[in-house]
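# Summary of the model geometry
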Amino acid sequence: MKFFYLARTGFGCLLSSFLFILLITGCQKDLLNEPGSNIVVPGTEATALAMANVSDYIVITKSATLPSGFEGQLSAYGKIVKSLPQIGVVVVKPAVSDFQTKVSKLSQVQGVLPDYKARWIDPIKFDNEAIPEGVAGYEPYSWYQWGMDAIHAPEAWDAGYKGKNASVFILDSGIDPTHPDLAPNLNTTLSVSLNPDEPFVNDLNGHGTHVAGIIAAADNELGVIGVAPEAEIVAVKVLSGNGSGAFSWINAGIVYAADNGADIINMSMGALFYRNGFYIDDDGNLAKIPAAGIQSIILAQQRAVDYAYKKGAVIVTSAGNDAINFDGSGSLFKLPGGLSKVITVSATAPNYWYGDLVNGIIPNLDIPASYTDYGKSFVEVAAPGGDFDLYPNQFYFLDMVLSTYLEGDYAWMAGTSMAAPHVSGVAALIIGKNGGQMKPVDVITRLKKTADKIDGMGISPYFGHGRVNAFRAVQ
């Protein structure tokens, strides 16, 4: 019997709104524990980030593109590590004391801040489990992909639309290039690592490989199938094996995708900020930085998104797994989901769909996931992300999302990280239908217009414009 890796990720924290904000790091820490275990709560005092551990600085110019001669001017203060002239950002390794103070005084500079690292995806813990005896239909594995049925992907395939001519750049932890379900659609020539600590595109985490399979696992009768099984995928590695990454890596990844013809950029990641100057660092701890630094971080990434959008890319992001209502939460900001010109996706799930099928009941596949972030002003559309509410029922993981994993394996995971690639896949179907020539605004309009209204005709806090419908999107 084939073994699968059971990924217990995306677990929501059931706290009051007040405690939730204070103990958000505790919620993230709980993702490492067994479902149902006690929440691990760190000290509530924020710890100052040690500047000595940050060797590079981000310099942001007042203009949206880099002024002529500015790099030469900066060279007097340090070594240029990376330049993104398209968005007016330079990464510098200081060679003078008081670098931040001195460079901030230059007339063309908007902001200077350390190139912080943040935790963008949750750590993953796996258990090696076989499919329990008594579960029918375990071959083929696609039988378990309830998410494809939820968004009516098979009907789109039957109509002849599988994403051919669409290119999806996946900004994540990398992709396993040897996986038989991914290799047929992976463009290894364009795939790149922008993480200097892990220069190879290979995935050391599993997250990016799982996301890739949801988008475009090939229709090869070997394992699972993606929403757009004939779309091209490109790995842009911007995260480390522990799920963390520097802000400059993320921004460089967006620019790289835009400059290399991305139709769609999938960003199944998120960093939570408190506008008064706190964020979750790469160790998962609440850290303090100047409030002005938060604004500079947001500005730089918004410029990168604006640039990609103008170049023709649809940017799809995950809402986040913190169960936060972003309506009225002005003190909090989620990056990149809170930016403009992105499609922010919330997660849906069934509740024991296998049991419903066995009992002859049509499953409800559109229940808001217990952990998903939400808000009318925040969520654009919803898509399958899975849930774990049945734990410790032996079949609880069947309500999660099955996709590709490392070394040719397959994994169940849950989270808005799984919801976003369902939307990226539908966007690829739309673009593929139109021969790869569509403006982002037209793709986004199509996604919203054809989404199924789950709880009324207006904008929903949990579903936005609705749960995406692949078949309606290609009609």
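Note on numbering: residues in each chain are counted from 1, in written sequence order. Residue-level local features of this predicted model are given only where pLDDT is at least 70; pairs of side-chain atoms are given and counted only at 80 or more, and the full residue set underlies all totals for whole chains, interfaces and linings. Excluded from the side-chain calculations are hydrogens and water; all other atoms, namely the structure's heavy atoms, are used.

## Some remarks on the pattern of salt bridges
Side-chain pairs of opposite charge can arise whenever the charged atoms involved come near each other. Any Lys or Arg side-chain nitrogen found within 4 Å of a carboxyl oxygen on Asp or Glu counts as a salt bridge. In total, this model carries 12 salt bridges according to the counting rule given. Residue Asp259 is joined to Lys311 by a salt bridge in which the shortest nitrogen-to-oxygen separation is 3.8 Å. With Asp259 in helix α8 (residues 247-259) and Lys311 in the loop between α9 (291-310) and β17 (314-318), this residue pair connects regions lying 52 residues apart in the sequence. Each residue is placed in one exposure class: buried if its accessible area under a 1.4 Å probe, protein chains only, is under 20% of its type's maximum, exposed if it is over 50%, and partly exposed if it falls in between. Here Lys311 falls in the partly exposed class, since its relative accessible area comes to 46%. Helical segments are the DSSP runs of H or I of at least four residues, strand segments are the runs of E of at least two, and each set is numbered from the N terminus.

## Regarding the confidence of the model for the protein chain
Confidence scores per residue from the predictor, reported as pLDDT, run from 0 to 100. For the protein chain, per-residue confidence averages 86 on the pLDDT scale, and 85% of positions sit at 70 or higher. Contact definition: two residues touch when any of their heavy atoms are within 4.5 Å. Across residues 1-52, confidence stays below pLDDT 50; counting only partners more than four residues off in sequence or on other chains, it has 136 contacts. Predicted confidence for residues 125-130 stays below pLDDT 50, and this span has 27 contacts to residues more than four positions away or in other chains.

## Quick notes on the nonpolar core
In terms of nonpolar packing, the biggest core is built from 75 residues, with Ile233, Ile343, Val423, Val426 and Leu447 touching the most fellow members. For this core, the leading source of residues is helix α11 (residues 416-433), giving 10 residues. In this structure, Val423 is in contact with Val316, Ile343, Val345, Val381, Ala383, Leu447 and Val468, ignoring residues within four places of it in sequence. One finds Leu84, Tyr116, Ile250 and Ala313 within the second-largest nonpolar core, a separate group that totals 50 residues. Remark: nonpolar core denotes a set of buried residues (Ala, Val, Leu, Ile, Met, Phe, Trp, Tyr, Cys) joined through side-chain atoms within 4.5 Å.

## Here's the deal with the sheet that holds strand β4 (residues 78-84)
Strand order in this open sheet of 4 strands is β4-β5-β3-β6, and the pairing throughout is antiparallel. Strands at the two margins of the open sheet, each flanked by one partner only, are β4 and β6 (109-114). Adjacent strand axes in the sheet meet at a mean angle of 25°, parallel and antiparallel pairs treated alike. At least two bridges found by DSSP between two strands is the condition for calling them paired. The pairing of β4 with strand β5 (residues 89-94) spans 6 bridges and is classified as antiparallel. Bridge pairing in β5 links Ser83 to Val90. Each of β3 (57-61), β4 and β5 touches α8; the most contacted strand, β4, lies at about 40° to it. Simply put, an axis is a line fit to the C-alpha atoms, just over the touching stretch for a helix, and the angle between two N-to-C directions goes from 0 to 180 degrees.

## Structural notes on the pairing of β3
A large share of β3 lies buried, amounting to 5 of its 5 residues. On β3, burial covers both faces: Tyr57, Val59 and Thr61 on one face and Ile58 and Ile60 on the other are all buried. The pairing of β3 with β5 spans 4 bridges and is antiparallel. The residue bridging Ile58 from the neighbouring strand is Val91, located in β5. As judged from the 5 bridges shared by β3 and β6, these two strands associate in the antiparallel manner. By the bridge assignment, Ile58 is partnered in β6 with Leu113.

## A word on the packing of helix α7 (residues 207-216) against α11
Where α7 meets α11, the axes come as close as 8 Å, and the angle between the chain directions of the two elements is 35°. Along this stretch, α7 crosses α11, giving a crossing that reads as right-handed. Each of His207, His210, Val211, Ile214 and Ile215 in α7 lies in contact with α11, whose residues at this interface are Ser417, Met418, Pro421, His422, Ser424 and Gly425. Note that Gly is not counted as nonpolar here; it falls among the polar residues with everything else outside the nonpolar set of Ala, Val, Leu, Ile, Met, Phe, Trp, Tyr, Cys and Pro and the charged set of Asp, Glu, Lys and Arg. Of the residues assigned to the contact of α7 with α11, the class counts are 5 nonpolar, 6 polar and no charged. Two helices crossing with the near one rotated counterclockwise from the far one by less than a right angle form a left-handed crossing, whereas a clockwise rotation gives a right-handed crossing.

## Details of the packing of aromatic side chains
Classification of ring pairs rests on two measures: the distance between centres of Phe, Tyr or Trp rings, Trp counted by its six-membered ring, which must be within 6.5 Å, and the angle between planes, read as stacked under 30 degrees, edge-to-face over 60 and tilted in between. For the structure on display, the rule yields 18 aromatic pairs. Taking the centre distance of 5.1 Å and the plane angle of 85° together, the rings of Trp143 and Tyr144 count as edge-to-face. Judged by centre distance (6.2 Å) and plane angle (75°), the rings of Trp143 and Tyr354 are edge-to-face. Here Tyr354 lies in helix α10 (residues 353-358) and Trp143 lies in the loop between β8 (126-130) and α5 (146-150), a separation of 211 residues in the sequence. According to the relative accessible area criterion, Trp143 is partly exposed, its value standing at 32%.

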